[in-house]
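Geometric and topological summary
The lines below spell out each chain.
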Amino acid sequence: MTVPLVIVGCGGHGREILTIARAMDAGGDPPRWRLLGFVDDRPSEENLKRVHRLDLPWLGGIEWLRDAPDGTHHVIGIGDPRIRRAVAQRVDRYGLPAASLVHPDATLGDDLRHGPGFVAFAGARVTTNVTLGRHVHLNQNCTVGHDCVLADHVSVNPLAAVSGECRLDEGVLVGTTAAVLQGLRVGRDSTVGAGACVVRDVPPGLVVKGVPAH
């Protein structure tokens, strides 16, 4: 059954998610997704031009979802975890299910559980006994080790590595090429800067950077 799908956000992250949906459908008969277009409250003129070149329309603001066709699913194409959480709260009012998208070149291990809205980009690697919350995004070529728990709205950016038995609380962002070492916890809404190496627990609401991260 082909499912109608709308991408929320027509910035770069949303357009990258479009490539995941299309990769999932390549060669599928029938395709899994019927891509309706993007919704975005304030798209830039440049992003509208880029969306047009991808042969998918900008449908309007997020309120377009209120009258979406029956059966429409959505995926939130916003990279910042805190903004993604705020947008998810708005979209939830319309009662549309959140789709989970996994690129064919991602690897998901055994006993992986995830909430709705999960997105795994090409090259993402998740091992075994991992739990992921709602709207978790694992970007290109990142890794998540065994027995990790990633709460709602976490983002792991490209080439970042989360070691085994870590916990990333809600809204955490792990920056590009950063590393979180074995068994550590990163508190709610904290950010691990690009290239940082986390060697001890990070309290909530902090930005840490450097090697070791501080």
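Attention in this report is confined to the structure presented alongside it. Since the structure is predicted, the reported quantities are computational estimates derived from the model, not experimental observations.

By the definition in use, this model includes 11 salt bridges. The salt bridge involving Glu46 is made with Arg50; its shortest N-O contact spans 3.8 Å. Linking Glu46 with Arg50, this pair stays in helix α2 (residues 45-53), spanning 4 residues, or about one helical turn. The partner of Asp189 in a salt bridge is Arg188, with the nearest N and O atoms 3.7 Å apart. Classification of Asp189 by relative accessible area gives partly exposed; the value is 22%. Through salt bridges that share partners, Arg85, Glu170, Arg188 and Asp189 make up one connected network.

The subject of this paragraph is the sheet that holds strand β1 (residues 3-8). With respect to topology, 4 strands assemble into an open sheet ordered β3-β2-β1-β4, the strand pairing being parallel. Among the strands making up the open sheet, the edge pair consists of β3 (58-60) and β4 (73-76). The sheet shows a mean angle of 40° between the axes of neighbouring strands, taken without regard to direction. Where strand β2 (residues 33-39) meets β3, 2 bridges bridge the pair, whose relative direction is parallel. Along β3, the bridge assignment pairs Val39 with Gly60. Together, β1, β2 and β4 form the strand contacts of helix α1 (residues 12-25), whose direction differs from that of β2 by roughly 175°.

Definitions and cut-offs
- Residues numbered from 1 in each chain as written.
- Predicted model: local features only at pLDDT ≥ 70, side-chain atom pairs only at ≥ 80, totals over all residues.
- Heavy atoms only, no water.
- Salt bridge = Lys/Arg side-chain N within 4 Å of Asp/Glu carboxyl O.
- Helix = DSSP H or I, 4+ residues; strand = E, 2+ residues; numbered from the N terminus.
- Buried < 20%, exposed > 50% of the residue type's maximum accessible area, 1.4 Å probe, protein only.
- Pairing = 2+ DSSP bridges.
- Axes fitted to C-alpha atoms, helices over the stretch in contact; angles between N-to-C directions.
- Contact = heavy atoms within 4.5 Å.

So far we have only geometry, and geometry alone does not tell us how the molecule works.
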